[in-house]
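# Survey of secondary and tertiary structure
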Amino acid sequence: MLVPHQDLDPDTLSSLIESIVLRDGTDYGEVEMSLDEKVAMVKRQLNDGVAAIEYSEEHESVNIIAHE
C-alpha cells in the first residue's frame, strides 16, 4: 500500500527517510553525500513523484520505492 508522504508529520517523515537511507547504505556515486543531503534528495524525489512510500502490511515494513 502506498502512503502519501504529505500525510506524515514532517518530523516523522524525516525520521523515516533517515532510517531507510541508513538501512540501505546506498551508493550515491563518486561524491560522498552527508546524511542531511541524502534525506533532502529523497524528500525531493517524493515531492516530484518519482519516489513513493510503500507500507507492507504482510511484512510490517516500510520502504521508499521508485514510482512512475
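See the structure above.
In short, a report on the structure. Fair warning: this is a prediction, and the values are worked out from it, not measured in the lab.

For the chain, the helix and strand inventory stands at 2 helices and 3 strands. Along the chain, helices (α) and strands (β) appear in the sequence β-α-α-β-β when read from the amino end. For the chain, with 68 residues in total, the buried portion stands at 24%. For the chain, the proportion of contacts with a sequence separation of at least 24, taken over those separated by at least 6, is 43%. Accessible surface computed for the chain: about 5,000 Å², of which carbon and sulfur atoms make up 48%.

To continue, consider the sheet that holds strand β1 (residues 2-3). Pairing is antiparallel across the open sheet formed by 3 strands, whose spatial order is β1-β2-β3. In this open sheet, the two edge strands, each paired with only one partner strand, are β1 and β3 (61-66). Packing of helix α2 (residues 35-48) onto the sheet brings it into contact with β2 (51-56) and β3, and relative to β2 it is tilted by some 90°.

The subject of this paragraph is the pairing of β3. Two strands pair when backbone bridges link them, and β2 and β3 are joined in this way by 6 bridges, in the antiparallel orientation. Along β3, the bridge assignment pairs S56 with S61. Hairpin connection of β2 to β3: 4 residues between the antiparallel strands, including E60 at a positive phi of 50°.

This paragraph deals with the pairing of β2. As paired elements, β1 and β2 share 2 bridges and run antiparallel to each other. Counterpart to V3 in the pairing with β2 is I53.

Counting residues in hydrophobic clusters, the biggest one holds 11 residues: L13, L16, I17, I20, V21, V39, V42, L46, A51, I53 and I64. Every element with two or more residues in this core is listed here: α1 (10-24), α2 and β2. It is α1 that contributes the most residues to this core, 5 residues altogether. Excluding anything up to four places from it in sequence, V39 contacts I17 and E18.

Here α2 contains 14 residues, and its C-alpha end-to-end distance of 20 Å stays within 8% of the 20 Å for a straight helix at 1.5 Å per residue. Every buried residue belonging to α2 is among K38, V39, M41, V42 and L46, and all of these are buried. Buried positions in α2, seen along its axis, are confined to an arc of 160° and lie on one side of it. Exposed side of α2, more than 90 degrees from the buried face: D36, N47 and D48 are the residues found there. Of the residues flanking the end of α2, it is G49, one or two places downstream, whose phi is positive at about 80°.

Criteria and cut-off values
Residues numbered from 1 in each chain as written. Predicted model: local features only at pLDDT ≥ 70, side-chain atom pairs only at ≥ 80, totals over all residues. Heavy atoms only, no water. Helix = DSSP H or I, 4+ residues; strand = E, 2+ residues; numbered from the N terminus. Buried < 20%, exposed > 50% of the residue type's maximum accessible area, 1.4 Å probe, protein only. Contact = heavy atoms within 4.5 Å. Areas by Shrake-Rupley, 256 points an atom, 1.4 Å probe, with all protein chains shown as cover. Pairing = 2+ DSSP bridges. Axes fitted to C-alpha atoms, helices over the stretch in contact; angles between N-to-C directions. Core = buried A, V, L, I, M, F, W, Y, C linked by side-chain atoms within 4.5 Å. Expected span 1.5 Å × (residues − 1). Arc of directions from axis to C-beta.

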